[in-house]
Amino acid sequence: MFIKFTISGLFLWILACHTTVAQESGVSQEIKTLMSRAIEEMNSGQYAEANVTFRKMLASKKVLPTNMSYFFAETLYMIKQFHNSENFVNKYLKLAGKGGDYYDQAVGLQKLLEDKKTEIRDCNYCNVFGYRLHNCQLCDGKGALTSTCYYCKGNGRTNCLTCQGDGVIITKNIFDVEEYKTCHVCETKGFNICKVCHGHKVIENQCPDCLGSKLTQTDEICDHQAHDRLDLENPENRIEN
Ligand SMILES: [Zn+2]
Ligand SMILES: [Zn+2]
Ligand SMILES: [Zn+2]
Ligand SMILES: [Zn+2]
């Protein structure tokens, strides 16, 4: 699979536009200070730091400026937390509406997020949140764990209960004479194929980690590229003898 990466001109335009802190009533000085710091961090490209500052604002449980939702959404986009970014940009548009200070930028950001969602949807290496998937370590990518069959204890067959393993059923007739009849259940073999494992000796249980999907999430943001195969056309990857 080949996915093109382009830097959107629209996004560069968005980046140039956040320089002011809206003065909103009911916002405490503490929050205003944090907001200014977060914007400074964004403007100097320190999005990981801005992310921490915004989260401090959220944790304060104080009244937050409406624009904060937009700034936080942009920061989350830059640190590739696209799902969270979408939540905050949607929240901003809901709160601020068309009259919002960053309405156009928010709509632009939504478009960028749509592109990201398409990339994620088209990629087989990540989950819906864009996190890289890898083979489940617990089941080694099989989706199931095998264990010895509890019913036959790994024999694959069980003693026939109808004939007690003899292969014949002995009854006494009215003259008190024993009659031998072939066991119709095991057909004289004296054993039957285990009804739990069907003779496989092991049983498979769904893997409790990946729930049978064979893959588990990592905390690595996916680049939507295959990693496991070396590009042997590239001379740097060739082993010289
Ligand atoms: Zn039998
Ligand atoms: Zn069995
Ligand atoms: Zn698993
Ligand atoms: Zn991906």
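Details of the structure are given in the entry above.
Enquirer: Got a sec to walk through the overall build of the protein chain? Specific residues and values, please.
Expert: Within the protein chain one finds six helices and eight strands. The secondary structure elements of the protein chain, listed N-terminal to C-terminal, are α-α-α-α-α-α-β-β-β-β-β-β-β-β. The 241 residues of the protein chain split such that 20% are buried. Within the protein chain, residue pairs in contact and separated by at least 24 positions form 63% of the contacts whose partners lie at least 6 positions apart.

Enquirer: Break down the pairing of strand E4 (residues 168-172) for me, citing the residues and quoting the values.
Expert: Burial analysis of E4 places just zero of its five residues in the buried class, which makes it a mostly uncovered element. Here E4 runs beside strand E5 (residues 178-182); their pairing, made up of five bridges, is antiparallel. Within E5, the position partnered with Val168 by the bridge is Thr182. Linking E4 back to E5 in an antiparallel pair, the connection comprises five residues, with Asp176 at a positive phi of about 65°.

Enquirer: Go over the nonpolar core, please, and point to the residues and values.
Expert: With 25 residues, the main nonpolar core has Ala38, Ala73, Val89 and Tyr92 as its most contacted residues. Among the elements of the structure, helix H2 (29-43), helix H3 (47-59), helix H4 (66-78), helix H5 (82-96) and helix H6 (103-122) are those that each provide at least two residues to this core. Tallying contributions element by element places H4 first for this core, with seven residues. Among all residues touching Ala73, those that are not within four sequence positions of it are Ser85, Phe88, Val89, Tyr92 and Leu109.

Enquirer: Residue-level account of unusual backbone geometry, with values.
Expert: Phi is positive for Lys153, close to 55°, though the residue is something other than glycine. Checked against the element boundaries, Lys153 lands in the loop between strand E2 (144-148) and strand E3 (157-159). Owing to 11 C-beta atoms within 10 Å, Lys153 belongs among the exposed residues under this scheme. A positive phi angle, close to 70°, is found at Thr188, a residue other than glycine. Mapping Thr188 onto the fold places it in the loop between E5 and strand E6 (191-193).

Enquirer: Break down the packing of H2 against H4 for me, with residues and values.
Expert: At a minimum axis separation of 11 Å, H2 and H4 run at an interaxial angle of 35°. Viewed along their axes, H2 and H4 form a crossing whose handedness is left-handed. Counted together, Met35, Ala38, Ile39 and Met42 of H2 and Met68, Phe71 and Thr75 of H4 form the full contact between these two elements.

Enquirer: Let's hear about the packing of H4 against H6: which residues, and what values?
Expert: Packed helix pairs are characterised by how far apart their axes lie and by the angle those axes make with each other. Packing of H4 against H6 leaves a shortest axis separation of 11 Å and a crossing angle of 30°. Relative to H6, the element H4 lies roughly parallel. In the crossing of H4 with H6, the sense of the turn from one axis to the other is left-handed. Two secondary-structure elements touch here, H4 through Tyr70, Ala73, Glu74 and Tyr77 and H6 through Gln105, Ala106, Leu109, Leu112 and Leu113. Tallied by class, the residues present in the contact of H4 with H6 amount to seven nonpolar, one polar and one charged.

Enquirer: Quick one: what's the story with the environment of Gly165, residue by residue and with numbers?
Expert: Among the structural elements, Gly165 can be located in the loop between E3 and E4. Among the residues examined, Gly165 registers 15 C-beta atoms within 10 Å and is labelled partly exposed. In this structure, the C-alpha to C-alpha distance between Gly165 and Cys183, residues 18 residues apart in sequence, is 9.4 Å. Not counting chain neighbours up to four residues away, the residues in contact with Gly165 comprise Asn159, Cys160, Gly190 and Phe191.

Calculation criteria
- Residues numbered from 1 in each chain as written.
- Chains lettered and ligands numbered in written order.
- Predicted model: local features only at pLDDT ≥ 70, side-chain atom pairs only at ≥ 80, totals over all residues.
- Helix = DSSP H or I, 4+ residues; strand = E, 2+ residues; numbered from the N terminus.
- Buried ≥ 20, exposed ≤ 12 C-beta atoms within 10 Å, placed from the backbone.
- Contact = placed C-beta atoms within 7 Å.
- Pairing = 2+ DSSP bridges.
- Core = buried A, V, L, I, M, F, W, Y, C linked by C-beta atoms within 7 Å.
- Axes fitted to C-alpha atoms, helices over the stretch in contact; angles between N-to-C directions.
- Left-handed = near helix turned anticlockwise from the far one by under 90°.
- Parallel < 35°, antiparallel > 145°, perpendicular 65-115°, else oblique.
- Nonpolar A, V, L, I, M, F, W, Y, C, P; charged D, E, K, R; others polar.

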